[in-house]
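Inside the fold
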Amino acid sequence: MLKKNNLIKVLSLTSILFILLLFFNFTIIYAEKLPDVTDVINDVIEEILQDKNNKITKVKHLDNGKHIIVGYTENENDTVGSWIKIIDKGGINIKKNFPPEQDKNVIRKVLRCAIFEEGKYLLGGYQQKKDEGEKAWLLLLDQKGNIINKGDDIYGGSYYANEFKAITPREEGGYILVGWKCDSKDNYDKKDKDAWLTSLDSQFIEEKKGKISIDKKGKKDFATDIVSVPSPNSEKAEYIVAIKDEEEIFNSIRLIKINDELVKIGDEKEIRLPGKGEIYYICLLYTSDAADELDGVDLGGRR
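As a starting point, this report considers the structure included with it. Keep in mind it's a predicted model, so treat the numbers as computed, not measured.

What counts and what doesn't
- Residues numbered from 1 in each chain as written.
- Predicted model: local features only at pLDDT ≥ 70, side-chain atom pairs only at ≥ 80, totals over all residues.
- Heavy atoms only, no water.
- Phe/Tyr/Trp six-rings, centres within 6.5 Å; stacked < 30°, edge-to-face > 60°.
- Buried < 20%, exposed > 50% of the residue type's maximum accessible area, 1.4 Å probe, protein only.
- Helix = DSSP H or I, 4+ residues; strand = E, 2+ residues; numbered from the N terminus.
- Expected span 1.5 Å × (residues − 1).
- Arc of directions from axis to C-beta.
- Pairing = 2+ DSSP bridges.
- Axes fitted to C-alpha atoms, helices over the stretch in contact; angles between N-to-C directions.

Examining the packing of aromatic side chains
Counting across every chain of the model gives 6 aromatic pairs. A ring pair is formed by Tyr-155 and Phe-164, whose centres lie 5.8 Å apart and whose planes are at 45 degrees; its orientation type is tilted. Residue classification places Tyr-155 among the buried residues on the basis of a relative accessible area of 7%. What links up through ring pairs into an aromatic cluster is the set Tyr-155, Tyr-159, Phe-164 and Trp-196.

Right, here's the structure in full:
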């Protein structure tokens, strides 16, 4: 027969084991019920594309740990409105619509790119008024998705038409944006686009200095993405810009390198990609190469 003290010890040990087992089982059940963010994103995308009028322009992981889906909807009256959906593991965290404003003669609002920087969502694309060309458009939202700026800020006013397709923060403050521009209505009617790059200061005011031309003579090209990469020769960041020719959409892109002052570095490179399918938009991704650090040699990473 167990003594009283020994019986208490056995019961206490049994209780602890039971509690641990219960906690362990609860943790497993809870973990099984918590969806992976990839599954959530896939479900949201599937739901979006059930409407054939919806077009997705960007799916991106943001620096605040959330993901954003950017797109637009083509309406029956030939107008276009944009929308965003910001997602975490729990599902859609923020969803916002930016409809056309026909009272202001704005018939198309299309968002193409997004970043999260210093507590703000920055969204870029274009607005278009009836019988006019597209105008590069920047939208600022706070962390709850509320519009901070006027909501109709346009850039590159000297051009007949232009559009933002990608945005990245600058190391020394402000932002670099790339896309395309048309200098005149005649060029616009001929769909003669030029790749375009511009910079904004930290107050989102377009800078007049440091602009460079990244278009190629005789080409109907547009800049489709920009990514920051470390410089092998200095501590300042450098940037790679991807450019496509609208009439040569098969397997070819041009890459140029610029510094933080928007000065072109070296010669551009043309890359022929494998395969025979159409390649229209290019997404750039920079990843550091572990071999660089191990060997003490800066190979510039993989691009």
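Quick look at helix H2 (residues 37-48)
An ideal rise of 1.5 Å per residue puts 16 Å on 12 residues; H2 measures up with 16 Å between its terminal C-alpha atoms. All buried positions along H2 are accounted for by Val-37, Val-40, Ile-41, Val-44 and Ile-48. For H2, the buried positions fall inside an angular range of 100 degrees around the axis, keeping them on one side. Exposed residues on H2 whose side chains face more than 90 degrees from its buried face are Asp-43 and Glu-46.

A short note on unusual backbone geometry
The backbone of Asn-105 sits at a positive phi, close to 70 degrees, despite the residue not being glycine. At Phe-204, a residue that is not glycine, the phi angle is positive and equals roughly 70 degrees. A relative accessible area of 13% means that Phe-204 is categorised as buried.

Digging into the pairing of strand E9 (residues 161-169)
The element E9 is extensively covered by neighbouring structure, given that 8 of its 9 residues are classed as buried. Pairing of E9 with strand E10 (residues 175-182) involves 8 bridges; the strand directions are antiparallel. When the sheet's bridge partners are listed, Ile-167 is paired in E10 with Leu-177. Adjacent in sequence and paired antiparallel, E9 and E10 are bridged by 5 residues, among which Gly-173 carries a positive phi angle near 100 degrees.

Remarks on the sheet that holds strand E15 (residues 264-272)
Across the sheet, 4 strands lie side by side as E12-E13-E14-E15; this open sheet has antiparallel pairing. Since the sheet does not close on itself, it has two edges, and those belong to strand E12 (221-230) and E15, each with one partner. When strand polarity is set aside, the average angle formed by the axes of neighbouring strands in this sheet is 20 degrees. Taken together, the 6 bridges between strand E13 (residues 237-245) and strand E14 (residues 252-259) define a ladder with antiparallel strand orientation.

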